[in-house]
Amino acid sequence: MQDLKPHYLLFTLFIFGVFSANHACNQLDRNSLWSLLLDSSNSTPFNRSSNNCCHWEGISCDHKGRVTHLWLPSKGLKGSISPSLGNLTGLSHLNLSHNSLTGLLPTGLFSLLNQLRVLDLSYNHLGGQLPIGIGGCSKLKIFWAGFNSFSGFLPHDIYNATSLEEISFPSNNLSGPISNEIMNLTKLTRLELYQNQLSGNLPLNIGKLSKLKHLILHTNYLTGSFSHSLQNCTNLIRLNLRMNSFDENITNMNISSLHRLNILDLAGNNLIGKFPASIYSCVSIRGIRIALNQIEGQIPPEVAQLKYLTYFSIAFNKLTNITAAIKILMRCNILEVAFLRNNFWKESMPTDLKNLQLLLLRNNSITGSIPGWLSTLPRLSTIDLQDNLFSGEFPKKPCGLRALISPLEDDNISLAMPILLNISNSFVGEVKSLYYFSRLIILRNNNLSGTIPTEIGCLKRLRGLDLSHNKLTGTIPTQISELTDLEYLDLSRNHLYGEIPVSLISLHFLRVFSVVNNNLNGAIPEGTQLQTFDASAFEGNLGLCGYPLPPCSHLTSSKRDEDIQDEEDRHTIPWFHVTVVLGFIIGFWGVCGPLVLNKKWRVAYFRFFDKLKDRFYEKLEVFWSD
């Protein structure tokens, strides 16, 4: 739902503002304003500066002093809407949106305000059924009541308010079918009933609403087919029927007459068949989402003719031939996002690509190695290949990913369609810019081996790196510390060894970290961002210690024992060595000293050795002769 800022409305406010300066407000209207049971975070919702209610903030009057505009969005209003509001019979514009109003709408309110042209009650806490009487508002053009708690069927007489151009009741608890009588609202340009509990088929006669531009009915329980009902809605710009129970074979779906169609969202239904070739006739289309269906076959070559296509999602289907799909999408020159996950069962990656910013091929059981040419794509900022069967090594030349080295364009670029967030097949929200997915490398749960290349340090703008659940070996490169924008680092369940680099202290933005189940050892670096994570981020590494794991006591005591031993060794007399030296000295001089001092002993000593020598030679001769 868009902000209401038409030029005619601003002009009307100006004109009545001039009139109100010269005419006192009607006394009945003034009393009715006072009696409105509205509470506010301010002293008064009107911020009155005089007794003339035509001068109060948010109030405009006609030349007779009758209140025509009550414009009080985002004023902190609380409580219920008083029936006294119905006394403002000259009211043509009523805006009470973005407040905290509660309770039911007063019975008969619409019957009294039958000059009403614009009614905005959106973003409050109003509930109950929408009261009848709206059909009597013959001049009503805009009726917004989204993001409340209204329940029950749409009031049956709403189809009699034939001046209606916009009906917007999203995010309520409305139920039942959309009546075929909607064909009466021939001026309708916008119909927003998404996030309700509507059921039944899409009215066949809705095709008679030739001025309809925006049909937003997602997240309901609508069934049957839809394509035949919409063939004549030739002015459609945005068609969103996702998250319903439509069960049509779309192979021959003919939407070739929808030349102005900008957005087509049919995700999360029960659609079968092949991708409709007629879609190539939608020459203005910017976003296509047919994910979460049962579509088979291949992406038709005609998709390449969609020269304005920037967003393409056909994930969670049964498509085949990923090579042909990539080649077709390569020819879409301004394509920014392509979601192809959960298709192409056990096929191999193709060998080329070109202009993509995000490549999301999660959970396809794709085999082979990660193509090195991925690093040659200058605009590619996110690679998500989680839950596949890729093998081999991490690409050794990642520095070709220029979008991860220096800024090429704004990460917050708005998308043609919001990206749906799906966790365990449950829709949990949506994001409308690429930032949520930008600058990520996710290779989780494959069969990658080898080491993490040191060249990874060149990817200075990388925000998330997930290499978990692989077979990587080696140490954690210190160059990861150069990824100073890193917010997410998961290296768990690999075969990494060695210490956690102290240089990781430079990762100041790290919010998610895990090295679970590796072979790391040593102390966790102290005083760093790493110590803000609990022990579960480090478990399964028997050699790791230090906060948040137990202290490194075994390393500390061992080092202390070594230091004590060294100190003791420095202060201990080496008695063994002293004894050996003294023994040698005493033995040597005990034998040689007398020979030096006594001549007779010296002569007798040498004669003894001469006789011993002669006897030895005699024995040796006898031995050889025998």
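- As annotated in an unreviewed UniProt entry, the chain carries the name Disease resistance R13L4/SHOC-2-like LRR domain-containing protein and comes from Carya illinoinensis.
- Under the heading Subcellular location (unreviewed entry), UniProt records this for the chain: "Cell membrane".
- As its UniProt record puts it under Sequence similarities (unreviewed entry), the chain is described as follows: "Belongs to the RLP family."

**So, the pattern of salt bridges**
Thinking step 1. In total, this model carries 13 salt bridges according to the counting rule given.
Thinking step 2. A salt bridge links Arg 66 to Asp 29, with the nearest nitrogen and oxygen atoms 2.9 Å apart. Within this pair, whereas Arg 66 is found in the loop between strand 1 (59–61) and strand 2 (67–71), its partner Asp 29 is found in helix 2 (residues 27–35), the two being separated by 37 residues in sequence. Comparing Arg 66 with Asp 29, the two get one shared label, buried.
Thinking step 3. For Asp 490, the salt bridge identified is with Arg 444, shortest N-O distance 3.4 Å. A residue pair is termed long-range when its members are at least 10 positions apart, and Asp 490 in strand 34 (residues 488–490) and Arg 444 in the loop between strand 31 (440–442) and strand 32 (447–449) qualify at 46 residues.
Thinking step 4. One connected set of salt bridges, linked through shared partners, spans Glu 166, Arg 190 and Glu 192.

**As for the pairing of strand 5 (residues 100–103)**
Thinking step 1. Sheet topology places strand 3 (residues 78–79) next to strand 5; two bridges connect them, and they run parallel. Residue Lys 78 lies in a different strand from strand 5, and its bridge partner there is Ser 100.
Thinking step 2. Note: strand 5 against strand 7 (residues 125–129), two bridges, orientation parallel. Within strand 7, the residue paired with Gly 103 across the bridge is Leu 126.

**Here we look at the sheet that holds strand 26 (residues 367–369)**
Thinking step 1. In space, the three strands of this open sheet follow the order 26-28-32, with parallel pairing throughout. Looking at strand neighbours, the two that pair on one side only are strand 26 and strand 32, the edges of this open sheet. Neighbour-to-neighbour, the strand axes of this sheet turn through a mean angle of 15°, independent of strand direction.

Criteria and thresholds
Residues numbered from 1 in each chain as written. Predicted model: local features only at pLDDT ≥ 70, side-chain atom pairs only at ≥ 80, totals over all residues. Heavy atoms only, no water. UniProt positions renumbered as here; feature names shortened; annotations may be inferred. Salt bridge = Lys/Arg side-chain N within 4 Å of Asp/Glu carboxyl O. Helix = DSSP H or I, 4+ residues; strand = E, 2+ residues; numbered from the N terminus. Buried < 20%, exposed > 50% of the residue type's maximum accessible area, 1.4 Å probe, protein only. Pairing = 2+ DSSP bridges. Axes fitted to C-alpha atoms, helices over the stretch in contact; angles between N-to-C directions.

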